[in-house]
Amino acid sequence: MYNDTIKVANKIISDTDLADIFQKMDEELRENIKICKQETAQNQVYEREYQHWTAKNFEGTFRGTIDFYDDATVTVDNYNSFITIFNTRLHEIKYMWVDFHCMYWIQNGSDERLVNQSINMNIYEYKMDIEVKLSSEDKKMDDIYQLIKEKILKAPERYDRLIKKRSSIINKIGFAFGAIPSLVICTLLVFVSTIRQIYGMTYVLYPMAVVVLALVIGNTVLGGRLDRLYSTIIPKKKYAGWDSTNGESIYKDDIDDYVSTGEIIIGKNTDNIKHRREIAELEKKYSKYIPIELIVLLVLSVIIILIGKLI
């Protein structure tokens, strides 16, 4: 018997990953029940000393307990009922406990050994602990163990670029969205003599005004949407000191806690992968406009400088 405890840290484990693991457990149970029946038919014609078994008297269980946000708890003792609840009430799930256990005998003639193997999964929104107890003599359940490790190993990092570069991504999207209306507004203001004189005071005032106004417009229009998309995937805040100048507490992202925990796509996290994808798509969509907008800004800046010199 060998034991292992697997913990998820800085990984995003999707509902599809979980469903694949649950399905693999069910497939292993069904396969070994089938093997047991086949071996029973094969061995019944032989005396005990000539019998060969790999799953004698096989007994397997798949049991799950699910806690919901409405304080309800459901316990089921079969895969089909469990996966139906999992698929239909994913948004409501706060915690899951899955117990996979099998017991059987391996027999070669008079040599007979009892085998117990189990995998227990404690699944929360930000934590998943897996306790594995597998036989070192029989590898029947190693496929499940390897699948679990593969899912975790290949899972995307939680503290990824979308989180690390959050501020720059938000500003990039905001600028790209607001640049065109900002260019139009700031350029039309050239026809106001007072504004034209202000622009003429320094070469950088016009482009600075365009950039600032673009950010204001973009963050005003898209800021709420981006805040909503980021709300469930960003790190929690932790106290970082006192600002004596402003007389208020300072808080910053708790990165240590963020990377030491996981993100399991159940309950409040159900839409997190979709939110990450939407943020990435918004960044990709608006980023392609920025080079064109910057060229237009440069051309208009030159024109306004020339106008300022001619007037």
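Computed from a predicted model, the values in this text were never measured in an experiment. (Residues numbered from 1 in each chain as written. Predicted model: local features only at pLDDT ≥ 70, side-chain atom pairs only at ≥ 80, totals over all residues. Heavy atoms only, no water.)

1. Notes on the overall build of the chain
Per the secondary structure count, the chain includes 10 helices and 10 strands. For the chain, the C-alpha radius of gyration of 31 Å lies well beyond 19 Å, the compact-globule estimate for 311 residues. Overall, the C-alpha framework of the chain stretches about 110 × 45 × 30 Å when taken along its three principal axes. Per-residue burial over the chain gives 42% buried out of 311 residues. Counted over contacts in the chain with a minimum sequence separation of 6, partners at least 24 positions apart contribute 70%. A total of about 17,100 Å² of accessible surface is found on the chain, and carbon and sulfur atoms cover 56% of it. (Helix = DSSP H or I, 4+ residues; strand = E, 2+ residues; numbered from the N terminus. Rg over C-alpha atoms; globule rule 2.2 N^0.38 Å. Buried < 20%, exposed > 50% of the residue type's maximum accessible area, 1.4 Å probe, protein only. Contact = heavy atoms within 4.5 Å. Areas by Shrake-Rupley, 256 points an atom, 1.4 Å probe, with all protein chains shown as cover.)

2. Looking at the packing of helix 1 (residues 15-43) against helix 3 (residues 142-154)
Orientation of helix 1 relative to helix 3, taken along the N-to-C sense of each, is 175°, at an axis distance of 10 Å. Classed by the angle they form, the pair helix 1 and helix 3 counts as roughly antiparallel. Every residue of helix 3 that contacts helix 1 at Asp-17, Asp-20, Ile-21, Lys-24, Met-25 and Glu-28 is listed here: Asp-143, Ile-144, Leu-147, Ile-148 and Lys-151. For the contact of helix 1 with helix 3, a count of residues per class yields five nonpolar, no polar and six charged. (Axes fitted to C-alpha atoms, helices over the stretch in contact; angles between N-to-C directions. Parallel < 35°, antiparallel > 145°, perpendicular 65-115°, else oblique. Nonpolar A, V, L, I, M, F, W, Y, C, P; charged D, E, K, R; others polar.)

3. Side note on the pairing of strand 6 (residues 111-124)
Alignment of strand 5 (residues 93-108) against strand 6, held across 14 bridges, turns out to be antiparallel. In the sheet register, Trp-105 faces strand 6, and the bridge partner there is Leu-114. Connecting the antiparallel pair strand 5 and strand 6 is a turn made up of two residues, with Gly-109 showing a positive phi of about 65°. Bridge count between strand 6 and strand 7 (residues 128-134): six bridges; the pairing is antiparallel. The partner of Asn-120 across the bridge, within strand 7, is Glu-131. As consecutive antiparallel partners, strand 6 and strand 7 are separated by three residues. (Pairing = 2+ DSSP bridges.)

4. What about the nonpolar core?
The biggest cluster of nonpolar side chains holds 47 residues, and the ones touching the most others in it are Leu-18, Phe-22, Phe-86, Met-96, Ile-119, Met-121 and Met-128. Counting residues per element, the ones that place at least two in this core are helix 1, strand 3 (52-68), helix 2 (79-88), strand 5, strand 6, strand 7 and helix 3. With eight residues, helix 1 is the single largest residue contributor to this core. Met-96 has contacts with Leu-18, Phe-22, Thr-65, Ile-66, Phe-82, Phe-86, Met-121, Asn-122, Ile-123 and Ile-266, leaving out every residue within four places of it along the chain. (Core = buried A, V, L, I, M, F, W, Y, C linked by side-chain atoms within 4.5 Å.)

5. Overview of unusual backbone geometry
Not every positive phi belongs to a glycine, and Asn-10 is a case in point at roughly 55°. Structurally, Asn-10 can be placed in the loop between strand 1 (2-7) and strand 2 (12-13). With a relative accessible area of 15%, Asn-10 lands in the buried category. With a phi angle near 75°, Asp-71 is a residue other than glycine that sits in the positive phi range. By secondary structure assignment, the location of Asp-71 is in the loop between strand 3 and strand 4 (73-76). Accessibility expressed as a relative area gives 67% for Asp-71, which makes it exposed.

6. Section: the packing of helix 5 (residues 166-188) against helix 9 (residues 272-287)
The interhelical angle for the contact between helix 5 and helix 9, taken along N-to-C directions, is 45°, at an axis separation of 9 Å. Here helix 5 lies oblique to helix 9, going by the angle between them. Of the two possible hands of crossing, helix 5 and helix 9 adopt the one that is left-handed. Contact with helix 5, carried on its side by Ile-169, Lys-172, Ile-173, Ala-176 and Phe-177, involves Ile-279, Leu-282, Glu-283, Tyr-286 and Ser-287 of helix 9 and no other residues of that element. Of the residues in the contact of helix 5 with helix 9, the class split is seven nonpolar, one polar and two charged. (Left-handed = near helix turned anticlockwise from the far one by under 90°.)

7. Some points on the sheet that holds strand 3
Pairing within the open sheet is antiparallel, and its six strands lie in the order 1-7-6-5-3-4. Strands with a single pairing partner mark the edges of an open sheet, and in this sheet they are strand 1 and strand 4. Averaged over neighbouring strand pairs, the angle between their axes works out to 10° when direction is ignored. Seen against the sheet, helix 1 touches strand 3, strand 5, strand 6 and strand 7 and runs at an angle of roughly 150° to strand 3. Of the strands in this sheet, strand 3, strand 4 and strand 5 touch helix 2, which is tilted by about 30° from strand 3.

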